[in-house]
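# Observations on the three-dimensional arrangement
Listed here are the chains, written in short residue letters.
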Amino acid sequence: MTEQEIKHSLNLVRYGGIVVTAVVFVALLGFSVIVGNALSTGDLLSQMLPYIIGFTVLAAILSVVLYFVYRAYLMGRAKV
C-alpha cells in the first residue's frame with residue numbers, strides 16, 4: 001500500500017468512528033424520547049440520560065481503539 005492509500009484508509013476509519021458515535025447518541029436519544037412519550041412519563045429522558053451518555057462514550061472509546069488497532073495493522077503491513 002502506498003502512503004496515500006494508508007492515509008485514506010485511516011481517514012475512513014476515523015470519520016466512520018465519528019459517524020457511528022453520533023448515530024449511537026441520536027438513536028439512544030430518539031429511543032428514550034419515543035418510549036417516554038409512549039409511556040406518558042416526561043422524566044424518562046432524565047432517568048435515561050446517564051445511560052445515553054455512557055453508551056455514547058463507550059462507542060467513542062471503541063472507535064478510538066479500532067482506529068489505533070487498524071493503524072498498527074496498516075503500519076505492520078506497510079513494512080512487509
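Structural data are supplied above this passage.
Now for a description of the structure that goes with this document. (Residues numbered from 1 in each chain as written. Predicted model: local features only at pLDDT ≥ 70, side-chain atom pairs only at ≥ 80, totals over all residues. Heavy atoms only, no water.)

### Brief notes about helix H1 (residues 3-38)
Helix length check: H1 (36 residues) gives 52 Å between terminal C-alpha atoms against 52 Å at 1.5 Å per residue, within 8%. Those residues of H1 that fall on the buried side of the exposure criterion are Ile6, Ser9, Leu10, Val13, Gly17, Thr21, Ser32 and Gly36. Immediately beyond the C-terminal end of H1, within one or two residues, lies Ser40, with a positive phi of roughly 60°. (Helix = DSSP H or I, 4+ residues; strand = E, 2+ residues; numbered from the N terminus. Expected span 1.5 Å × (residues − 1). Buried < 20%, exposed > 50% of the residue type's maximum accessible area, 1.4 Å probe, protein only.)

### A look at the environment of Ser40
Relative to the assigned elements, Ser40 resides in the loop between H1 and helix H2 (44-79). With a relative accessible area of 68%, Ser40 lands in the exposed category. The spatial distance from the C-alpha of Ser40 to the C-alpha of Ile61 is 34 Å, given a sequence separation of 21 residues.

### Side note on the nonpolar core
If you look at the biggest cluster of nonpolar residues, it comprises five residues: Ile6, Leu10, Val13, Tyr67 and Leu74. Sorting the residues of this core by element identifies H1 and H2 as the ones contributing at least two each. At three residues, the largest contribution of residues to this core is made by H1. Apart from residues no more than four positions distant in its own chain, Ile6 is found in contact with Met1, Leu74, Met75 and Ala78. (Core = buried A, V, L, I, M, F, W, Y, C linked by side-chain atoms within 4.5 Å. Contact = heavy atoms within 4.5 Å.)

Geometry only, nothing functional implied.
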